[in-house]
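# A closer look at the structure
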Protein chains: 2
Amino acid sequence: MKIDVQRTGGFTLPGEAGHEELTLRLAKTWGADVIRDSDGTELSPEILEAGYDIYSTICIIREHNDFARSHPECLQQTFLTTSPALAAGGALVIDPMQEFFAEQFRLNDTAEALAYWQVWDRTAGTLLPAGAWQYAGGRVTIPQPEPFHSYTVSFLAWRLWEEISMYNHVTNNWQKEHLMPIDPRLPQAQEYLYNWLESWCKSHPNTNVVRFTSMFYNFVWIWGSSERRRTLFSDWGSYDFTVSTKALKDFESEYGYALTAEDFINNGDLHVTHMPPTARQRDYMEFTQKFVAAFGQKLVRLVQGCGKKAYVFYDDSWVGVEPYGPHFAEFGFDGIIKCVFSGYEARLCAGVPTGTHELRLHPYLFPVGLGGAPTFAPGGDPTRDARGYWCRVRRALLRAKIDRIGLGGYLHLVEGYPDFVQYIADIGQEFRAIRALHEAGGPAGLPLTVAVLHAWGGLRPWTLSGHFHETYMHDLIHVNEALAGLPVQVKFISFDDLARDAAGTLAGVDVVINAGRAGTAWSGGAAWESAELVAALQKWVYEGGVFLGVGEPSALPGHGDYFRMALALGIDRDTGARVCHGRWQFEVKTVPGLLPAGSGVEGLPGLYLTDGEADVLQTDAATGLPTITAHRFGKGRGVYLSSFQYSDANARLLLNLLLWAAGQPLEQPWLSDTAGVECAYYPDSRCLLVINDTEEEKTARIATPGEPLAVTLPPCGSRIIEL
Amino acid sequence: MKIDVQRTGGFTLPGEAGHEELTLRLAKTWGADVIRDSDGTELSPEILEAGYDIYSTICIIREHNDFARSHPECLQQTFLTTSPALAAGGALVIDPMQEFFAEQFRLNDTAEALAYWQVWDRTAGTLLPAGAWQYAGGRVTIPQPEPFHSYTVSFLAWRLWEEISMYNHVTNNWQKEHLMPIDPRLPQAQEYLYNWLESWCKSHPNTNVVRFTSMFYNFVWIWGSSERRRTLFSDWGSYDFTVSTKALKDFESEYGYALTAEDFINNGDLHVTHMPPTARQRDYMEFTQKFVAAFGQKLVRLVQGCGKKAYVFYDDSWVGVEPYGPHFAEFGFDGIIKCVFSGYEARLCAGVPTGTHELRLHPYLFPVGLGGAPTFAPGGDPTRDARGYWCRVRRALLRAKIDRIGLGGYLHLVEGYPDFVQYIADIGQEFRAIRALHEAGGPAGLPLTVAVLHAWGGLRPWTLSGHFHETYMHDLIHVNEALAGLPVQVKFISFDDLARDAAGTLAGVDVVINAGRAGTAWSGGAAWESAELVAALQKWVYEGGVFLGVGEPSALPGHGDYFRMALALGIDRDTGARVCHGRWQFEVKTVPGLLPAGSGVEGLPGLYLTDGEADVLQTDAATGLPTITAHRFGKGRGVYLSSFQYSDANARLLLNLLLWAAGQPLEQPWLSDTAGVECAYYPDSRCLLVINDTEEEKTARIATPGEPLAVTLPPCGSRIIEL
């Protein structure tokens, strides 16, 4: 079957008033069907009326500074806490705001808010009774502290500057007014925002799609007063910025118990998404999701009632939206847009139950990138950046259908970068070809289902918390990134799923992956206290499953084994209590074809074989300790990697380990023999799509049901072969 | 004052029957005044009557196989446990002995012993009731285990082969009968051993000194059935090998509560000396020490009553002796002998409250060393080995007086190694010169007192558990080794000392060192739950003390800080819960002269500055994280090192940090300007002793109250300069 690839469509271009000729020229070059505005740009009538669909970005909770000024009680809030202060003699006086960025935060010292403030003796770990401290004039005084104990003040603060506005402001040296975030939890704010959106829709007849950026609450981004430590905290998944006295009171009414400052402050750790959530935290998240979905639904219906579509941006103020959560369907969104650097983010987008899935590619058309490195500025190479990101994203597009791609930012910046303009045109065409394959019928996959097990499970698949470069220190994001482009089925399961119905959750699963550092949400922490969990997984492996652990899988202190799945894995880690225990001698075992050239993972100290029966497949050159092992356990296997770093070779290593451990052959139709060259076969169109993920020319042999195919691809190239 | 150095004395030579000429010739060459036998050698009448003092080794609990065979109930015992076994369907049958070396252990399945056996469900962490398992014919059967739970059997075993005999047997390929260890806890064994020693003393009129090797109970050394893992467990300080049903019953009578198998087995971890001891473990240790001292005193008095001296060897069967413990004086020993590889072991020996302190130098006169590398065998270089050990030991001899040195093993092995014979003669003469300086009056020290804080404190100063090469993975042994040769006062304090009397314990202390991995006996683990401890140390530092932390000092999960002394240190470690928290930027600060050339320590992931005020003195090249920091805290300082590795440069680094943090000048009289060149001034003899710890010629400038001295020393050389 011949695939018909259109030359236009599925592409969203960021237009820019004042650059109309450029906008319309590039719309043609890139095959755009939609033109959008961006934060900081506008579209002129010449663009709006050029025959393209128009898509407008709205961050509903900002750009209302007049309202915010007249309704300061409607500003968004958060809990903050001070660093521990030492009581070295006499009364202790603490300025709660001292460490925080004054342009972002202001003390909320209303009587209502003060009732939620807490002062802790962090040396003793005790909460001070209300009478043991006083607040006045921006200062907390503890008249009689315990000598040489340290104290913290947890308090509510108003948020004065919407954080994405703050970031863009600083990055792009904006001088305009700071945008204040409004909390729709308050009825007066809700009413105002609803009316505002209604009039906005009426006054924007050209807009076909309203893109919400996103809903109401930003991920947490706390800035400090010192330029030597501007970011105090940044977490893409935590809910601190949804807090208000009204939310706390509503929660108490609904759930029958009250949350305190410490439920958010958590010893100063806050609730990092990488750590297992508490039951109270989960309650509060559910509570917030219900609210966001309820008011969000009203806004979406309003937009749709005006004849427009409503998309949501899966970034920025996404907190409470949870596109994989139980309340997402209630919004009724027509589509979702995800900003992507990596393959796993494309899968994250593709799997959301909504109509249209669009990727916002990088680099953004900004002078500098997220890390501050130049992009469209001297020293930058936006084409190289675009190619690098696209090669990571494209792998995932082989496996899952995405409907649209696009860019964001200031279009005029591409002038002077003709190679970038051409490369985006090439990407657009390549994307449309891949989409056409999916539209004709999905790719053939291997009969192998992987379940990634962690604390968040299916609520938060693929991502850990933010982008790859923000989470690279966690093994699991490397695993997820590898899985994103592999021809296997992937699902994400939680410890709660297993507690509820282990057999049902594991039905049809070939490999369970548990990957992460001890105590984290990814390895599971205290979830492993459950003997039922351990027994259920031991049973499942013993009867033929594969448990693949990375780093400190199932790790939990306080038992004889540190990895609670050590019996299946055949390997465990000594954290000090077994330093006097003998170790098994072993020889490295070679399994032909299993470890691709250049594959290998970093070591971890303290690893030891438990029963001496595990096959050691690779060792750390420096320490001689095992890095990759496999252990027969009944009819199943425990496979262990001391860590995992995403690379072309390691992605293939992971696939090989999955196949081998599950008892499947390493050579199968539609697998390439070369790391970095991947392919997908689309049976309905009888097309084979082969991609080169690397910056080198590659020649690979692709196994087929008949004769193998030899394919040579230029760096980062791809080819569709009709069979 | 002229120091008079004798040409003989203070040297114990291992004689060997059949090599009389060699024995007497070397006794002269090496300046020996004492000739000893060794495990595996005897002295002939020609040697015994040559005019030397004779010193005989006795390991009182072995060499009594006839008695052991006729009194099998007197064999020593231990608790053992199996690895977890999976219940994969139906009854579970476990062979307790399967993993253990059958020549070392035999099941104790007497009715009395079986009452102490335990079967645990290690998946659930529950003890099975007595009726839930049966024992018969060497097998434990659990008829109805929980499916897919794992089970262990903890049991008592007789010990059939005294472990040092077992080791020497295997190392030297002995073919003679295995020696069985007898437990003097049983009255019939006590009576037998007392009578045996009495007759031994009478039949050995030439013996002047009886060296006990050591008392009754060996350190724990459990061998396995597989040659791929011969050593299952080895700990120099744990008390497992003192266990018997009688000991358990006596303990219950005396302490009012019963110990169980799990008090020893501890989830299979056993009680590694590197981990904090439990209260029950401390009770049992005290109980055992009292017994060992009581019967030991009888034996010592018997020996002394025969006109001989009684020395104790501070190795091998030393368990229960605890030379720094409260019962050591009760033995009434005349001296102690310590086998040494390192400086800290010389200090360990020197500080024991007894008359004569003797070092057993390495290498032993064995074909191979402890690690199996050749010594007096092809490929070996015993002179190089001796020089390496001596250079480590000699540093400590500058600071603390040792009375004697000596060798052990088979003397005939030195034939063919004339350079070794000469080097030992040189060592003997150098030792006698150093001893003469001490005898004239001790060395000048810096006015600086260091207290090393750990769970064992003064009960177990200097050592961690065994030799340096057995404990090199712990930062503290490197710190102790450095301290062993530094001109500072050193004491060892425990958390119990601080709980009892923090002010008294810290009086006169300038620097408290806490060094080790989280959760260990060395950093302290749960001891840091005490708010009183934290507050007391915070107060002490704030008022002018120095807290020097290494690795994970004061680390404890569950608080906002991981290092509980983070407020003083100004640095803390993120274990995952703070991965989303911002980090302070910093620049490296240079303090002139503080960091010697070549000094530096290995990094540790996750370190971050707390208040941003710490001076970062050095960073890890790979990660950029701090490795050495200093933080002002009131009038005192917190100093932090991410790890510590002993080297010439790092020993001086530590001294410099101690001086600088305590506010003392880096240049002072009797300090050299060169790492690896150390010195001590003995005011009473007005002698300066300068040593070169390195394998290179060194020229150093030594500061004095007047003009500095320039000294050039050959590799490993030393010089005494009269001033």
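Residues numbered from 1 in each chain as written. Chains lettered and ligands numbered in written order. Predicted model: local features only at pLDDT ≥ 70, side-chain atom pairs only at ≥ 80, totals over all residues.

## Regarding the domain arrangement of chain A
All names here are of chain A.
- Parsing chain A into structural domains produces domain 1 (11-65 + 164-221 + 232-238 + 273-440), domain 2 (449-661) and domain 3 (677-722).
- Taking only C-alpha atoms into account, the centre of domain 1 sits 32 Å from that of domain 3.
- Opposite the eleven residues of domain 1 that make contact, domain 3 presents twelve residues.
- Residue assignment for the side of domain 1 that touches domain 3 shows that the elements contributing at least two residues are α12 (382-399) and α13 (418-440).
- Broken down by element, the residue count for the side of domain 1 that touches domain 3 peaks at six residues, all from α12. (Domains from an automatic or database assignment. Contact = placed C-beta atoms within 7 Å. Helix = DSSP H or I, 4+ residues; strand = E, 2+ residues; numbered from the N terminus.)

## Observations regarding the interface of chain B and chain A
- Taken together, the contacts link 57 residues of chain B with 57 residues of chain A.
- Broken down by secondary-structure element, the contributors of at least two residues to the side of chain B that touches chain A are β15 (231-235) and α17 (531-542) of chain B.
- Here the element with the most residues in the side of chain B that touches chain A is α17(B); it accounts for six residues.

## So, the pairing of strand β1 (residues 11-14) of chain A
Residues and elements named next belong to chain A.
- Side chains of β1 alternate between two faces, with Phe-11 and Leu-13 and Thr-12 and Pro-14 buried alike.
- Of the pairings in the sheet, the one linking β1 to strand β19 (residues 404-406) comprises two bridges and is parallel in character. Looking at the pairing, Phe-11 lines up with Ile-405 of β19.
- For β1 and strand β2 (residues 34-36), the ladder comprises three bridges, and the chain directions are parallel. Each residue of the ladder has a partner; that of Thr-12, found in β2, is Val-34. (Buried ≥ 20, exposed ≤ 12 C-beta atoms within 10 Å, placed from the backbone. Pairing = 2+ DSSP bridges.)

## Remarks on the pairing of strand β32 (residues 709-713) of chain A
All names here are of chain A.
- As judged from the five bridges shared by strand β31 (residues 698-702) and β32, these two strands associate in the antiparallel manner. Counted as the bridge partner of Arg-701 is Ala-710 from β32.
- Here β31 hands over to β32 after six residues, the two strands then running antiparallel side by side.

## Things to note about the environment of B:Asp283
Residues and elements named next belong to chain B.
- Locating Asp-283 in the fold gives a position in helix α9 (residues 279-305).
- Its 17 C-beta neighbours within 10 Å are what place Asp-283 among the partly exposed residues.
- Separated by 302 residues in the primary sequence, Asp-283 and Gln-585 have C-alpha atoms spaced 49 Å apart.

## Observations regarding the sheet that holds strand β20 (residues 449-454) of chain B
All names here are of chain B.
- Spatially, β21-β20-β22-β23-β28-β27-β26 is the arrangement adopted by the seven strands of the open sheet, whose pairing is mixed. The open sheet has two edge strands with one neighbour each: β21 (489-494) and β26 (615-619). Each strand axis lies, on average, 20° off the axis of its neighbour in the sheet, ignoring direction.
- As paired strands, strand β23 (residues 546-551) and strand β28 (residues 636-641) are joined by five bridges and run parallel to one another. Within β28, the position partnered with Leu-548 by the bridge is Val-639. (Axes fitted to C-alpha atoms, helices over the stretch in contact; angles between N-to-C directions.)

## Details of the relation of the copies chain B and chain A
- Superposing chain B onto chain A requires a rotation of 180° together with a translation of 0.0 Å along the rotation axis, leaving an RMSD of 0.0 Å. Those values place the two copies in the arrangement expected of a two-fold rotation axis. Taking C-alpha positions as reference, the residue of chain B nearest the rotation axis is B:Pro557, located at 5.6 Å.
- Here 100% of the interface residues in chain B have copies in chain A that are interface residues too; the copies meet face to matching face. (Least-squares fit on C-alpha atoms with pLDDT ≥ 70 in both.)

## Some points on the environment of B:Tyr194
Residue and element names in this part refer to chain B.
- For Tyr-194, the position within the fold is in helix α6 (residues 187-203).
- Owing to 16 C-beta atoms within 10 Å, Tyr-194 belongs among the partly exposed residues under this scheme.
- The spatial distance from the C-alpha of Tyr-194 to the C-alpha of Lys-589 is 66 Å, given a sequence separation of 395 residues.
- Sequence-distant contacts of Tyr-194, that is, excluding residues within four places in its chain, are made with Lys-298, Leu-299 and Leu-302.

## With respect to the packing of helix α6 (residues 187-203) of chain A against helix α9 (residues 279-305) of chain A
Residue and element names in this part refer to chain A.
- For the pair α6 and α9, the least separation of the axes is 10 Å and the interaxial angle reads 20°. With respect to α9, the element α6 is oriented roughly parallel. In this structure, the crossing between α6 and α9 has a hand that is right-handed. For the pair α6 and α9, the contacting residues are Gln-190, Tyr-194, Leu-197, Glu-198 and Cys-201 in the first and Phe-295, Lys-298, Leu-299, Leu-302 and Val-303 in the second. (Parallel < 35°, antiparallel > 145°, perpendicular 65-115°, else oblique. Left-handed = near helix turned anticlockwise from the far one by under 90°.)

## Overview of the sheet that holds strand β17 (residues 335-339) of chain B
All names here are of chain B.
- If you walk around this closed barrel you meet the eight strands as β1-β2-β3-β13-β16-β17-β18-β19, and the pairing is parallel. Across the sheet, the mean angle from the axis of one strand to that of its neighbour is 25°, orientation sign disregarded.
- In the sheet, strand β2 (residues 34-36) pairs with strand β3 (residues 53-58) via three bridges, with the strands oriented parallel. In the sheet register, Ile-35 faces β3, and the bridge partner there is Ile-54.

## As for the confidence of the model for chain A
- Across chain A, the average pLDDT comes to 96, with 100% of residues at or above 70.
- Per the prediction output, this complex has pTM 0.97; the corresponding ipTM is 0.95. (pLDDT = per-residue confidence, 0-100.)

## As for the packing of helix α11 (residues 343-350) of chain A against α12(A)
Residue and element names in this part refer to chain A.
- Put simply, α11 and α12 touch, their axes get as near as 7 Å, and they point 40° apart. By the criterion of interaxial angle, the relationship of α11 to α12 is oblique. When the axes of α11 and α12 are compared, the crossing they make is right-handed. Across from Gly-343, Ala-346 and Arg-347 in α11, the residues of α12 making contact are Arg-392, Val-393, Arg-395, Ala-396 and Leu-397.
- Class assignment of the residues belonging to the contact of α11 with α12 gives a composition of four nonpolar, one polar and three charged. (Nonpolar A, V, L, I, M, F, W, Y, C, P; charged D, E, K, R; others polar.)

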